[in-house]
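# Structural overview for review
One letter stands for each residue in the lines below.
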Amino acid sequence: MTEVVAETKTKALTPFALKGAPALIEAVFPAQKVSYEAQTERKAVQSQTLTGLGSYWKGRKPLILVRAIVLGSLLPQTGDAEADLDIFEKLMAFDDEGLARRALAQGTLKPKDIAARVELADPWSYFSYTIKNSGLTAEQVEAWCCPFDADEEGVTLRWRRDIEESDKLELYRRTLSTYTSYEEKASLCKRPEQIDQGWLYSPVWQVVNRYYAHLGVNAHSFPELIEQFGILRYGHRPRVGDAFAGGGSIPFEAARIGCDVYASDLNPIACMLTWGALNIIGGSPERRAEIEKAQQTVAEAVDEEVTALGAERDEYGNRAKAYLYCLETRCPETGWMVPMSPSWVISKSRNVIAKLIPDHDNERFDIEVVSGVSKEEMKAAEKGTVQDGALVYELNGKIYRTPIKTLRGDYRDSEGNTANRLRRWEKDDFKPRPNDIFQERLYAIHWITKATLGKSRTETFFASVTESDLQRERKVEKIVANNLPGWQRKGLVPDMAIEPGLETTRLRRERGWTYWHHLFDPRSILTLAITKSAMLQSKEAESLILGFAKQLDWLNKGCYFGTGAARESISHMFSNQALNVLINYGTRSAYSCYSIWSLLSSSESTINTRCKIVSKAAGSITDESDLWITDPPYADAVNYHEITEFFIAWLRKKPPAPFDEWTWDSRRALAIKGSDDDFRRGMVDAYQAMAKHMPDHGMQCVMFTHQDTGVWSDMVSIFWAAGLQVVAAWYIATETTSELKKGGYVQGTVILMLKKRPEGDRAGFKQRILPAVRAEVRRQIETMMHLNEEIKDKHGEPVFNDSDLQMAGYAAALKVLTAYTTIGGEDVTSFALRPRTKGEVTVVDEIVQQAAEAANSLLVPEGLGAETWARLSGIQRFYLRMMDMETSGASKLDNYQNFAKAFRVQDYARVMGDMKANAARLKRVSEFTSRELTDSTEIGPTWLGHLIIGLQQLLAEVEPQAVIQQFQQDLPDFMEVRPLLIDMLRFMERKAPEATVREVAEVLGARLKNLRALGQ
Ligand SMILES: C[S@@+](CC[C@H](N)C(=O)[O-])C[C@H]1O[C@@H](n2cnc3c(N)ncnc32)[C@H](O)[C@@H]1O
């Protein structure tokens, strides 16, 4: 790591002038905009800045979110929340000027889009034109002013060649101002990190310096700004720590904007990725050039060796690109060896399939690869020999079907566990033995023609496996057989056993694999051993090893061979978060691996600050940080410790410096996981250690996935015990997961800000705490609503949405609670560490729940009486609240999800009409079926349920009088609840999306109101 102390102009700064001053993030945070930008970053998939190091690491936090947290924690509050937010948005490039620059860099707005949207008296100062419509003359066109529709008018517009960038930017500014929502504007933009930072922020520094002139701030770049605020707060450049560093996005972004960083993780793979982020992606241009050169040298060395072994070329000089393997097994019914694959399609674009040709003499099938087959043959090939968990094939006109379970010989052992008759592979195995139930068979090869080898566009073809191909296979196997023990000794190939676990047990159960190298075919083992050996000899070994890890992910038996319509592809093992065990798979040749392990992305992000990386458990850290930002493994879906053993097995022996200082073991026992008592204990240790290694006026930010109120209670316990007090919370919708397809799931991240709890004891009792919590919740929400009003008046859009307000409600409760040191006479640390009994509702659970309710009761939808609201049950509140939200065009599923949690709705999906992430909506009144409104449903027996039925009846032209009589029969307290029904109907009359429903709501409401007048 380079140690550079940036030259800054810090003379006028008074160190510690902001010691302990409340940070901007404690009062304001543009959570909606950060959410949008975080999702855009996620959607960039492989072109996210750090994914180049390996997409096998899941759950890297969005860099834009980290940037916002660091900045918001360093900047102070000035007493004017609105102006503070304004400056903050400028620094995030979320403001109009930043957006205009980002849109210009993206270049999506074309002259014709601009001409259609803005008023311009002199369009031809900016654009040139070509006339398409023969009826037009140049004279006519030149007399035009914008706006006009160029297509309709019959002209093509281009930018004038001599246009200045500043003029273009001005037009971008004006055009963007014609869009109303932030999302519309930002969708036309590049991400801030993709743009030259000097240019992007050039107009910002002057404004920022003026705004903070009273503090002596004078910055012209992020590193300068960060250093100066560090000095103002902590007396030095701020140091950001992350003791659960994972893929390293927190330390990377903190360092990139100018903080010193400390990063640690229990897992050496995480440490390696963090090292890569800071030193490779964050490397200087010179360093990157050196790494690139070393990559090329190794690629050449590998190529030379593989070529010398004659392993990948056929007799005509063609070179293999990929090999397709499938399992093969003996059918217990016929005794035939049957190749297994869920599909025999090889290429959809070229109509290539594998055909099974019976060989009666040898009771097996030849596999012929045929190209250019008919549509019908393609269709037939889609049905493979493995269907619904069974081996299925046809022989002599008869279909044979044997469940895979039967092939494996599944049975229950004496302890009731499922076992099977698969042979357990041994340490020196690297392919199945002849009598093993599952054999592995090469069934096709993807070749690159000799003539196009080394060209940027290669020609390829698929071919059947020939005798000479098989000889090459045998040759490779022989090399591996002869060298395996030596390679294992030298650490070139793993000799590590697979420990059972949630993820890993499957390997043994489904294939009999017991050592990590069993997940690799002989060819891949050979390629990897040669590559690793060449890499270790390079002086850039540590960087190259990261590429090697990437190659491991992409070169194993868990790589799915895809036959997508456009082209065939081989995916990688960790395309999801599991260890896949596949029936057929594709492996790359050594020749086609280079593109996989080359590491450098195009973006440049030179890091010039001090960075330290350590591999250790969070509970045992000894380094100080001013600001700890962590994303702990809370109820994590990813079993990092297990899946990374796949990599650790290959990398643990003789790792190059500095990785040799780390413990190359997953240390499963120390990994914090789950959400039980052990988890809480692990977290308490970690947060105690971090709090201990932070100055008294330091800050912490903890991110976790928002699940339910139970999470909040756990968090209270953990922070209590760690001596921390919550000061703010924000909610960021970070990503939508693929679960969506199944039933709707948006991942939201809660950002909790914490400070050390002031010294001294404070005893709390439920009776006294509850009113304090309610008051704080109210204060917090009202302050935010007030700011919302002001900003909405000025900018048309509020800053906070309902989810933010709700989170703020929880945070307010946590703020009050975490200020105490004893609760109901019990010391908070012992409360936190005390094991919980199943289903136990602690006093904290109760208080948090009450806080949520207090927050919810403040979120009365506009147009509904507070008294009505107070009497409604969760599902009714949910439906009406969401109906109100929909009137403003909101349609994000996570809002529905959050409110369903907040209102404790059992199954909100039953009242949803659509559950798409960005196009969610409630079920309309007319869409409810009668089965969905019976008394056994959640909504059916409620007042709202009855109203929906009533409205449906009116829509079906039932007389209002009959509907009212029905109410009188069904609702025993009808007269008492009548005002409430009227209020709800008045609300629906204004908010229901269907005009017909609004009409009948009005009719029914009027009838109900008139009841008294009619003396009924
Ligand atoms: C949610 S991930 C962090 C992801 C990271 N923020 C990123 O952006 O990639 C949690 C991390 O905690 C680590 N971990 C689990 N138990 C730990 C412990 N006891 N000490 C330190 N790290 C631990 C895991 O290895 C994992 O990398």
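A brief structural summary. It should be emphasised that the depicted structure is a prediction, and the values quoted were computed from it without experimental measurement. Position numbers for residues count from 1 along each chain, tracking the sequence in the order it is written. Residues qualify for local features only when their pLDDT is at least 70, as the model is predicted, and side-chain atom pairs are given and counted only at 80 or more; totals for whole chains, interfaces and linings, by contrast, use all residues. Side-chain numbers here rest on the full set of heavy atoms in the structure, without hydrogens or water.

To continue, consider the sheet that holds strand E9 (residues 364-370). Two strands pair if DSSP finds at least two bridges between them. Helix and strand assignments come from DSSP, with helices taken as H or I runs of at least 4 residues and strands as E runs of at least 2, each series counted from the N terminus. The strand order E7-E8-E9 describes an open sheet built from three strands, whose pairing is antiparallel. Pairing within the sheet leaves two strands with one partner each, and these edge strands are strand E7 (345-347) and E9. For this sheet the average axis-to-axis angle between neighbouring strands, irrespective of direction, equals 35 degrees. Where strand E8 (residues 352-359) meets E9, seven bridges bridge the pair, whose relative direction is antiparallel. Bridge assignment links Leu-356 to a residue of E9, and that residue is Ile-367. Any pair of residues with heavy atoms lying within 4.5 Å of one another is described as a contacting pair. To obtain each axis, a line is fitted to C-alpha atoms, and for helices this fit is confined to the stretch in contact; angles are then taken between N-to-C directions over 0 to 180 degrees. The sheet contacts of helix H16 (residues 375-382) involve E7 and E8, and relative to E8 the element is tilted by about 70 degrees.

Right, let's get into the side chain of Arg-523. Tracing the backbone through its elements, the reader meets Arg-523 in helix H20 (residues 522-537). Looking at Arg-523, its side chain comes within polar contact range of the main-chain oxygen of Ala-311, at 3.1 Å. Non-local contacts of Arg-523, meaning those with residues more than four positions away in its chain, are made with Ala-311, Glu-312, Tyr-323, Tyr-325, Arg-472, Glu-473 and Val-476. Polar contacts, as counted here, are pairs of nitrogen or oxygen atoms within 3.5 Å of one another; within protein the pair requires one atom able to donate a hydrogen and one able to accept it, and residues that are adjacent in sequence qualify only if both atoms are side-chain atoms.

Below, the discussion takes up unusual backbone geometry. A cis geometry characterises the amide bond from Cys-146 onward to Pro-147, with omega recorded as 10 degrees. Within the secondary structure, Pro-147 is located in the loop between helix H6 (138-142) and helix H7 (150-153). Here Ala-657 and Pro-658 are connected by a cis peptide whose omega angle stands at 0 degrees. Among the structural elements, Pro-658 can be located in the loop between helix H24 (645-651) and helix H25 (677-692). Despite not being glycine, Phe-16 has its phi angle at roughly 70 degrees, a positive value. The backbone of Asp-388 shows a phi angle near 45 degrees, a positive value even though the residue is not glycine. By the secondary structure assignment, Asp-388 is in the loop between strand E10 (386-387) and strand E11 (390-395). Under the scheme applied here, a residue whose accessible area is under 20% of the maximum for its type counts as buried, over 50% as exposed, and between as partly exposed, the area being computed with a 1.4 Å probe on protein chains only. Using a relative accessible area of 80% as the deciding quantity, one classes Asp-388 as exposed.

For Phe, Tyr and Trp, where Trp contributes only its six-membered ring, two rings pair if their centres lie within 6.5 Å, and the inter-plane angle classes them as stacked under 30 degrees, edge-to-face over 60, or tilted in between. Per the counting criterion, the structure on display carries 43 aromatic pairs. Taking 5.4 Å as the distance between ring centres and 25 degrees as the angle between the ring planes, the aromatic pair formed by Tyr-393 and Tyr-400 counts as stacked. As far as burial versus exposure is concerned, Tyr-393 and Tyr-400 are alike and both buried. Counting as a charge over the ring demands two things of the Lys NZ or Arg CZ atom: a distance within 6 Å of the ring centre and an angle within 35 degrees of the ring normal. A cation over a ring is seen here: Lys-19 above Phe-16, with NZ or CZ 5.6 Å from the ring centre.

Let's shift gears to a negative patch on the surface. A cluster of acidic residues, Asp-80, Asp-86, Glu-789, Glu-790 and Asp-793, forms a negative patch at the surface. The element contributing the most residues to the negative patch is helix H28 (residues 766-795), with three residues. Within the fold, Asp-793 resides in helix H28. Owing to a relative accessible area of 66%, Asp-793 belongs among the exposed residues under this scheme. A patch consists of residues whose relative accessible area exceeds 30% and which take part in no salt bridge; residues with like charges are grouped when within 9 Å of each other, and nonpolar side chains (Val, Leu, Ile, Met, Phe, Trp, Tyr) when within 5 Å. In short, Shrake-Rupley with a 1.4 Å probe defines the accessible areas, and a residue's cover is counted only from the protein chains shown. By definition, a salt bridge exists where a carboxyl oxygen of Asp or Glu is found within 4 Å of a side-chain nitrogen of Lys or Arg. Charged-residue counts in this description rest on Lys and Arg as positive and Asp and Glu as negative, His and the chain ends being excluded. We put the charge of a Lys on NZ, of an Arg on CZ, of an Asp on CG and of a Glu on CD.

Moving on to the sheet that holds strand E25 (residues 763-764). Spatial ordering of the open sheet is given by E25-E26-E27, a layout of three strands whose pairing is mixed. Edge strands, defined here as strands with exactly one partner in the open sheet, are E25 and strand E27 (826-827). Note: E25 against strand E26 (residues 822-823), two bridges, orientation parallel. If you follow Ala-763 over to E26, its bridge partner there is Thr-822.

This paragraph deals with the pairing of E11. In terms of burial, E11 is largely enclosed, as five of its six residues are buried. The sheet contact formed by E10 and E11 spans two bridges and is antiparallel. Counterpart to Val-386 in the pairing with E11 is Leu-391. From the end of E10 to the start of E11, which pair antiparallel, there are two residues, and Asp-388 there has a positive phi angle of about 45 degrees. In terms of strand pairing, E11 meets strand E12 (residues 398-403) through six bridges, oriented antiparallel. Considered in E12, the bridge of Leu-391 is made with Thr-402.

Right, let's talk about the packing of helix H2 (residues 63-74) against helix H12 (residues 222-234) for a bit. What describes two packed helices is the angle between their axes and the distance between those same axes. Across the interface, H2 lies against H12 with an axial gap of 9 Å and an inter-helix angle of 40 degrees. The angle between the axes of H2 and H12 places the two elements in the oblique class. The two elements H2 and H12 cross, and the hand of that crossing is left-handed. Counted together, Arg-67, Val-70, Leu-71, Ser-73 and Leu-74 of H2 and Phe-222, Leu-225, Ile-226, Phe-229, Arg-233 and Tyr-234 of H12 form the full contact between these two elements. When an angle is under 35 degrees it counts as roughly parallel; over 145 it counts as roughly antiparallel; between 65 and 115 it counts as roughly perpendicular; any other value is oblique. Helix crossings get a hand from a simple test, with the near helix turned counterclockwise from the far one by less than a right angle marking a left-handed crossing and a clockwise turn marking a right-handed one.

Here we take up the site of the ligand. Nearness here has a simple test: a residue counts as near a molecule or strand if at least one of its heavy atoms is within 4 Å of that partner. Around the ligand sit 25 residues, and of these Lys-61, Gly-247, Ser-249, Asp-265 and Ala-618 come closest. For the ligand, an oxygen atom lies 2.7 Å from a polar atom in the side chain of Ser-249. Within the backbone of Leu-266, one N or O atom sits 3.3 Å away from a nitrogen atom of the ligand. Taken by itself the ligand offers 600 Å² of open surface, and the protein chains cover 96% of this. Of the residues assigned to the shell around the ligand, the class counts are 13 nonpolar, six polar and six charged. Note on residue categories: nonpolar means Ala, Val, Leu, Ile, Met, Phe, Trp, Tyr, Cys or Pro, charged means Asp, Glu, Lys or Arg, and polar means any other residue, Gly included.

Between H28 and helix H31 (residues 843-858), the shortest axis-to-axis distance is 9 Å and the interhelical angle comes to 35 degrees. As for the relative orientation of H28 and H31, their crossing is right-handed in sense. Side by side, H28 and H31 meet where Lys-766, Ile-769, Leu-770, Val-773, Arg-774, Val-777, Arg-778, Ile-781 and Met-785 of the first sit next to Val-843, Glu-846, Ile-847, Gln-850, Ala-851, Ala-854, Ala-855 and Leu-858 of the second.

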